[in-house]
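Residue-level listing of the chains:
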Protein chains: 2
Amino acid sequence: MTGIDTRERIVSASAELFGRQGYHATGVKEIVAAARAPFGSIYHFFPGGKEELGAEAIRRSGAIYGELIDAFFGPAPDLVTAVGDSFAGAAEQLRDTDFADACPIATIALEVASISEPLRQATAEVFESWIATASARFTGAGLPAGRARELVIAMLSGLEGAFVLARALRSTEPVEIAGRAAVEATRLALAAAANERHEIPGTVPT
Amino acid sequence: MTGIDTRERIVSASAELFGRQGYHATGVKEIVAAARAPFGSIYHFFPGGKEELGAEAIRRSGAIYGELIDAFFGPAPDLVTAVGDSFAGAAEQLRDTDFADACPIATIALEVASISEPLRQATAEVFESWIATASARFTGAGLPAGRARELVIAMLSGLEGAFVLARALRSTEPVEIAGRAAVEATRLALAAAANERHEIPGTVPT
DNA sequence: CAGCCAGTTGATAGATCGCTCTACTTAATG
DNA sequence: CATTAAGTAGAGCGATCTATCAACTGGCTG
């Protein structure tokens with residue numbers, strides 16, 4: 001048995017615990033217990049200690065969620081459906097886990113924003129990558145790059161904030177409401193883009 | 001000098017530190033240092049310890065921010081302006097404090113959601129009170145109660161999520177984008193409500 | 001097989017956590 | 001003035017935190 005399995009278990013257990021309880025509420029001992037790993041292995045694989053492990057857990061969670069974007073946007077017949085499905089999926093996940101699993105890095109992001117620069121950067125990179133991945137879907141559907149980015153940031157803000165409210169209120173209502181708002185905004189943006197292309201093709205934008 | 005001042009200093013220092021660093025990252029010793037209060041006073045005024053102090057800090061922050069809603073919506077000429085000003089004010093606050101002061105309870109809300117039921121309830125009450133306060137402004141402007149609540153939750157989600165992104169990315173861009181989306185949604189909702197009242201007054205809703 | 005080293009391990013150090021406790025000061029009351 | 005209550009003050013407790021480090025393992029080489 002090689003230690004690579006151990007390392008893997010540590011990272012995924014960390015990602016799960018950090019995401020649910022937050023960074024400071026999760027102890028290293030708790031992590032090794034959940035990962036069924038020896039205590040010392042943490043510092044063998046992550047000489048930088050808890051902070052280095054945190055950064056890797058953040059990036060791991062970010063990558064998994066990033067793939068989820070494509071999983072929702074790939075098979076859907078159109079963008080509006082994909083957006084709606086994404087929020088519905090988020091609400092379902094929330095319900096299934098008794099409001100424990102929402103965004104895996106939002107809690108950490110707020111916790112470390114003013115405390116640890118390396119961890120803050122890790123969360124920033126993840127958010128940026130999500131925005132880039134999702135934006136690509138919208139530019140692919142005909143939206144100008146700037147407009148796509150703006151729409152994605154608005155929807156991601158809505159989702160993240162809905163998670164905050166949902167976990168506090170123990171209700172999926174905010175996610176459903178934010179989802180409807182996102183669907184509507186997507187519909188409007190796509191219509192506006194189509195309008196601009198077909199109806200006033202010769203006009204020169206200022 | 002009576003101890004009420006001490007109690008007050010403890011609560012406001014707690015609210016500030018919890019809001020910026022989170023609940024678990026803020027120690028009781030750090031609080032008394034910031035409040036220039038004796039350590040024992042914490043347990044004199046808050047026999048329930050850190051958790052009771054946390055609950056009071058949450059409610060305190062919630063009350064202050066609740067008043068802020070009226071401060072923005074009172075003097076504004078119309079709701080759309082008020083919504084825009086609120087987000088602009090949030091962005092300014094973020095910039096002025098080097099992205100330290102966003103929503104005073106969002107961090108705590110995520111941290112404690114799955115850990116402490118009393119604290120989770122405190123955050124839930126605060127969010128509900130904000131929603132009620134803001135909804136009143138929108139029903140007052142002619143929106144049906146259900147639609148007002150939905151609009152407010154969508155905007156609050158957008159704001160909270162924008163705070164998450166803004167602090168992580170160290171940029172006010174998400175707040176500005178969420179603000180534009182909120183303004184647009186408000187405009188549409190008000191127009192739809194006016195439309196319904198004037199153009200099809202005789203129809204009976206299902 | 002001896003020697004060696006990368007990889008692995010948990011006991012433990014050292015700091016800090018929330019909290020309790022006792023002692024002291026001040027203010028108000030009989 | 002004596003008594004009581006309220007608030008001030010910090011030493012120190014057990015628990016828990018992150019991190020270290022010496023000991024151990026298994027496999028490879030001379």
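In short, a report on the structure. (Residues numbered from 1 in each chain as written. Chains lettered and ligands numbered in written order. Predicted model: local features only at pLDDT ≥ 70, side-chain atom pairs only at ≥ 80, totals over all residues. Heavy atoms only, no water.)

1. Comments concerning the relation of the copies chain A and chain B
Think of it as a corkscrew move, a rotation about one axis and a shift along it, taking one chain copy to the other.
Item 1. Of the two same-sequence chains, chain A is brought onto chain B (RMSD 0.1 Å, axial shift 0.0 Å) by a rotation of 180 degrees. In the structure described here, the two chain copies are related by an operation that fits a two-fold rotation axis. (Least-squares fit on C-alpha atoms with pLDDT ≥ 70 in both.)

2. Notes on the pattern of salt bridges
Item 1. What the rule picks out here adds up to 25 salt bridges over all chains.
Item 2. Residues A:Arg20 and A:Asp101 are paired through a salt bridge, measuring 2.6 Å at the closest nitrogen-oxygen approach. Here A:Arg20, found in helix H1 (residues 3–21), pairs with A:Asp101, found in the loop between helix H5 (79–96) and helix H6 (106–112); they are 81 residues apart in sequence, far enough to count as distant.
Item 3. Residue classification places A:Asp101 among the buried positions, given a relative accessible area of 17%.
Item 4. Residues B:Arg187 and B:Glu184 are paired through a salt bridge, measuring 3.7 Å at the closest nitrogen-oxygen approach. Within this pair, B:Arg187 and its partner B:Glu184 are both found in helix H9 (residues 173–199), separated by three residues, close to a single helical turn. (Salt bridge = Lys/Arg side-chain N within 4 Å of Asp/Glu carboxyl O. Helix = DSSP H or I, 4+ residues; strand = E, 2+ residues; numbered from the N terminus. Buried < 20%, exposed > 50% of the residue type's maximum accessible area, 1.4 Å probe, protein only.)

3. Quick word on the protein's contact with DNA strand D
Item 1. Near DNA strand D, the surroundings consist of 16 residues, among which A:Val28, A:Phe39, A:Lys50, B:Thr6 and B:His44 are the closest.
Item 2. Sugar plus phosphate, as a fraction of atoms of DNA strand D within 4 Å of the protein: 61%.
Item 3. Here a phosphate oxygen of DNA strand D sits 2.7 Å away from a polar atom, N or O, in the main chain of A:Val28.
Item 4. Mapped by element, the contributors of at least two residues to the surface near DNA strand D are helix H2 (28–35), helix H3 (39–45) and helix H4 (49–73) of chain A together with helix H1 (3–21) and helix H3 (39–45) of chain B.
Item 5. When residues of the surface near DNA strand D are assigned to their parent elements, the largest contribution, five residues, is made by H3(B).
Item 6. Grouping the constituent residues of the surface near DNA strand D by class yields six nonpolar, eight polar and two charged. (Near = heavy atom within 4 Å. Polar contact = N/O pair within 3.5 Å; in protein donor to acceptor, adjacent residues only side chain to side chain. Nonpolar A, V, L, I, M, F, W, Y, C, P; charged D, E, K, R; others polar.)

4. A short note on the side chain of B:Glu160
Item 1. Here B:Glu160 lies in helix H8 (residues 145–169).
Item 2. Among buried charged residues, B:Glu160 stands out as having no salt bridge; its nearest opposite-charge side chain is B:Arg167, 9.3 Å away.
Item 3. With near-sequence residues (within four places) excluded, B:Glu160 lies in contact with A:Gly161, B:Cys103, B:Ala106, B:Phe127 and B:Trp130. (Lys, Arg positive; Asp, Glu negative; His and termini not counted. Contact = heavy atoms within 4.5 Å.)

5. Quick notes on the environment of B:Arg95
All names here are of chain B.
Item 1. Take arginine 95: it is sitting in helix H5 (residues 79–96).
Item 2. On the basis of relative accessible area, arginine 95 is assigned to the partly exposed category, the value being 46%.
Item 3. Once the C-alpha coordinates of arginine 95 and arginine 170 are considered, the two residues, 75 residues apart in sequence, prove to be 8.8 Å apart.
Item 4. Excluding anything up to four places from it in sequence, arginine 95 contacts Thr172 and Glu176.

6. Focus on the interface of chain A and chain B
Item 1. Taken together, the contact pairs 41 residues of chain A with 41 residues of chain B.
Item 2. Taking both partners together, chain A and chain B bury about 3,500 Å²; carbon and sulfur atoms supply 70% of that area.
Item 3. On the chain A side of the contact with chain B, A:Leu110, A:Val164 and A:Leu165 bury the most area, a combined 18% of that side's loss.
Item 4. Counting every contact that joins chain A to chain B gives four salt bridges.
Item 5. The partner of B:Glu173 in a salt bridge is A:Arg149, with the nearest N and O atoms 2.9 Å apart.
Item 6. Of all elements in the fold, only H1, H6, helix H7 (117–140), helix H8 (145–169) and helix H9 (173–198) of chain A reach the threshold of two or more residues within the side of chain A that touches chain B.
Item 7. A per-element tally of the side of chain A that touches chain B places H8(A) first, with 15 residues.
Item 8. Taken together, the residues of the side of chain A that touches chain B break down into 22 nonpolar, eight polar and eleven charged. (Buried area = accessible area lost by both parts, 1.4 Å probe.)

Bear in mind that shape data such as this cannot, by itself, settle questions of function.
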